[in-house]
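One letter stands for each residue in the lines below.
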Amino acid sequence: QGLYEEALIQFEKIKDTDFQGMYQLGVMHYDGLGTKEDPEKGVEYMKKILDSDSPKARHLKFAAAYNLGRAYYEGCGVKQSTKEAERLWLIAADHGNPKASVKAQSTLGMLYSVSVLKDLKKAFFWHSEACGNGNLESQGALGVMYLYGQGVCRNTKAALKCLREAAERGNIYAQGHLVEYYYSRKFYSTAAAVAKRITENDDIDVLAKITDCLPTYVAKGVAMAAFYLARCLQLGLGVQQDQAAAKKYYSK
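What you see as residue numbers is a count from 1 along each chain, following the sequence as written. Local features in a predicted model are, by the rule used here, given only for residues with pLDDT of at least 70; side-chain atom pairs are given and counted only at 80 or more, and totals for whole chains, interfaces and linings are based on all residues. The side-chain figures draw on all heavy atoms in the structure; neither hydrogens nor water molecules are used.

Undergrad: Is there a simple way to think about the packing of helix H8 (residues 136–148) against helix H9 (residues 156–168) in this case?
TA: Angle between the axes and distance between the axes are the two parameters that describe a pair of packed helices. The N-to-C vectors of H8 and H9 enclose an angle of 150°; their axes lie 8 Å apart at closest approach. In this view, H8 runs roughly antiparallel relative to H9, as classed from their interaxial angle. Note that H8 runs across H9; the crossing there is left-handed. Mapping the contact onto sequence places Leu136, Gln139, Gly140, Leu142, Gly143, Val144, Tyr146 and Leu147 in H8 and Ala158, Ala159, Cys162, Leu163, Glu165 and Ala166 in H9. Broken down by class, the residue content of the contact of H8 with H9 amounts to ten nonpolar, three polar and one charged. Helix axes are fitted to C-alpha atoms over the stretch in contact, other axes to C-alpha atoms as well, and angles between N-to-C directions run from 0 to 180 degrees. Every helix listed is a DSSP run of H or I at least four residues long, and every strand listed is a run of E at least two residues long, numbered separately from the N terminus. Should an angle fall under 35 degrees it is taken as roughly parallel, and over 145 as roughly antiparallel, whereas 65 to 115 is taken as roughly perpendicular and any remaining angle as oblique. The hand of a helix crossing depends on one turn: near helix anticlockwise from the far one by less than a right angle means left-handed, and clockwise means right-handed. Contact definition: two residues touch when any of their heavy atoms are within 4.5 Å. Residues are grouped as follows: Ala, Val, Leu, Ile, Met, Phe, Trp, Tyr, Cys and Pro are nonpolar; Asp, Glu, Lys and Arg are charged; every other residue, Gly included, is polar.

What follows is the structure, encoded as structure tokens:
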């Protein structure tokens, strides 16, 4: 905390001549790092960067647009507007440019999957772009879309490739879907073994931070694993039958 406060003082000194300093101040005010949370001030700094004609601000515009989109989507520091969030994230995503905001590309994939703007073909496009640029969350999402034919023709081979690679990189949502797939194909011992590994660490916030994946989807992955492990234990599929352990995992 003390280091944040010192950083804040230094960034305040240079903000009028240094866009990087202005950007850091925006993040710190928005998230309340080293200072009281002040999302309006955070938004103001991000807008200044986005609206600047200076070449020195160019490398920060994608990140500023992503953060502004987040503010509009959450209605934090500005009036909530999903449409404005979409507009800003499209600027930040820059047609899938790997040097733009890959986080914005993945976020658009999520936006078009679940919000009022639902469009699964667009969701598949943006998850593909983000995955190609190394985004772990989108790699798992792509696997699920291939598996169930959402926004793309069903393709089990492509689904398993995405899910296995994402799972190896720590994507819990992908791991949960693999458990479900193994269970549905009657590979019970594999399903139970993978599920047991997932449920050993169920601190959702820590897992989300480590993998940079949304807590909601991490929680879904853990819940799926716990459910299928409970089924295996209850029915004695791939593991020794154990009703008490089944009950414990069902409650998870």
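Picking up where we left off.
Undergrad: Which parts of the structure should I look at to understand unusual backbone geometry?
TA: Negative phi values dominate among residues other than glycine, just as trans dominates among peptide bonds. Positive phi, close to 55°, is recorded for histidine 95, a residue that is not glycine. Within the secondary structure, histidine 95 is located in the loop between helix H5 (82–93) and helix H6 (102–114). Non-glycine residue aspartate 212 carries a positive phi angle of around 55°. One can find aspartate 212 in the loop between helix H12 (204–211) and helix H13 (215–235). With a relative accessible area of 46%, aspartate 212 lands in the partly exposed category. Accessibility here uses a 1.4 Å probe with only protein chains present; expressed as a share of the type maximum, an area under 20% marks a residue as buried, one over 50% as exposed, and anything in between as partly exposed.

From the geometry alone we can't say anything about function, so treat these as descriptive.
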